[in-house]
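# Survey of secondary and tertiary structure
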Amino acid sequence: MSKLLESNALHTAAPAISISHLNHYYGQGALKKQILFDVNLHIDRGEIIIMTGPSGSGKTTLLTLMGSLRSVQEGHLSILGQALHHATKAQMTLARRKIGYIFQAHNLLNFLTAYQNVEMALELQEITAAEADTRIRTVLSAVGLADRMDYYPSDLSGGQKQRVAIARALVSQPKIILADEPTAALDKQSGRDVVEIMEKLAREQGCTILLVTHDNRILDLADRIIYMEDGRLVNHAATAIAQ
Ligand code: ADP
Ligand code: MG
């Protein structure tokens, strides 16, 4: 096997997310405060994981580290086999392109239509305009918005906006989706609908999902539930469900 093939094979075999002995701190000097404590987590490709835990326990901090939106301070963190500890700015940017993000607030641009919001996520991809158009229409149809593509966010419901955000995260066919309380602003039924759509699309694309939620009614959609408390990961599904 050639060196290149070997390294590709290794890369393919690498877990989606691999974290060991991760610590994180905010603040400087006397105000320095530890937020994450010895976090260890391994997520296989294609797994759908739900993370739950009290507000302020460090879930968003952990997600932004995994998403290469924040630099690793202590410990090891690899995404798809690429180390993010000691990563350069350029390496961090490259890593970000492999990840789709969905946030609590949908973060759509109000002056762009649903179609254009999704289109933006394809700007850095090397694909033809025709392929981009096909992908945008396919993904917007998949989230049930075939007849809303030319609507502006102000003319869409909360659930519809969040579905546009999902379409935007999925259109570039990322290997990992990080979703931070994506259903927080939705009623229970649209929250569940949104997560079911995300799960179905991710399973079709072989994508890994890590989803933070407080919503007990969607816990059954996960392969595994992890629980964060006071900056530490506790791997007890029973604890999470009892919450
Ligand atoms: P969660 O998402 O579980 O609610 P966060 O990761 O947002 O938790 O926050 C964890 C802790 O870190 C909280 O005590 C929060 O106040 C603090 N924190 C979050 N972001 C910052 C920041 N940028 N600077 C300082 N402290 C922060
Ligand atoms: Mg949070």
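Looking at an unreviewed UniProt entry, one finds the chain named DevA family ABC transporter ATP-binding protein, with Stenomitos frigidus AS-A4 as its source organism.

Our focus in this paragraph is the side chain of Thr61. Topologically, Thr61 is positioned in helix α2 (residues 59-66). Polar side-chain contacts of Thr61 include one of 2.9 Å to the side chain of Tyr26. In this structure Thr61 touches His24, Tyr26, Ile35, Leu36 and Arg70, once residues within four positions along its chain are discounted.

As a further point, take the packing of aromatic side chains. For the coordinates displayed, the defined rule picks out 1 aromatic pair. Considering the side-chain rings of Tyr101 and Phe103, the 5.8 Å spacing of their centres and the 5 degrees angle between planes classify their relative orientation as stacked. Overall, Tyr101 belongs to the buried group, its relative accessible area being 18%. Seen from the ring of Tyr25, Lys32 lies directly overhead, with NZ or CZ sitting 4.5 Å from the centre. Directly above the ring of Phe37 sits Arg232, whose terminal nitrogen or CZ lies 4.4 Å from the centroid.

Moving on, we come to the sheet that holds strand β4 (residues 74-79). If you walk across this open sheet you meet the 4 strands as β2-β1-β4-β5, and the pairing is antiparallel. In this open sheet, the two strands that pair with only one neighbour each are β2 (33-43) and β5 (82-83). The sheet contact formed by strand β1 (residues 17-26) and β2 spans 7 bridges and is antiparallel. Looking at β2, one finds that Ile17 is bridged to Ile43. α2 contacts β1, β2 and β4 of the sheet and is inclined by roughly 120 degrees relative to β1.

Quick look at the site of ligand 1 now. Taken together, the residues surrounding ligand 1 are Tyr26, Lys33, Ile35, Pro54, Ser55, Gly56, Ser57, Gly58, Lys59, Thr60 and Thr61. Here an oxygen atom of ligand 1 and a side-chain polar atom of Lys59 are 2.8 Å apart. Thr60 is positioned such that a nitrogen or oxygen atom in its side chain is 2.8 Å from an oxygen atom of ligand 1. The fraction of the free accessible surface of ligand 1 (560 Å²) that becomes covered by protein chains is 58%. Elements that contribute at least two residues to the shell around ligand 1 include exactly β2 and α2. For the shell around ligand 1, the element with the highest residue contribution is α2, accounting for 3 residues. When its residues are assigned to classes, the shell around ligand 1 shows 3 nonpolar, 6 polar and 2 charged.

The rules behind the values
Residues numbered from 1 in each chain as written. Chains lettered and ligands numbered in written order. Predicted model: local features only at pLDDT ≥ 70, side-chain atom pairs only at ≥ 80, totals over all residues. Heavy atoms only, no water. Helix = DSSP H or I, 4+ residues; strand = E, 2+ residues; numbered from the N terminus. Polar contact = N/O pair within 3.5 Å; in protein donor to acceptor, adjacent residues only side chain to side chain. Contact = heavy atoms within 4.5 Å. Phe/Tyr/Trp six-rings, centres within 6.5 Å; stacked < 30°, edge-to-face > 60°. Buried < 20%, exposed > 50% of the residue type's maximum accessible area, 1.4 Å probe, protein only. Lys NZ or Arg CZ within 6 Å of the ring centre and 35° of its normal. Pairing = 2+ DSSP bridges. Axes fitted to C-alpha atoms, helices over the stretch in contact; angles between N-to-C directions. Near = heavy atom within 4 Å. Areas by Shrake-Rupley, 256 points an atom, 1.4 Å probe, with all protein chains shown as cover. Nonpolar A, V, L, I, M, F, W, Y, C, P; charged D, E, K, R; others polar.

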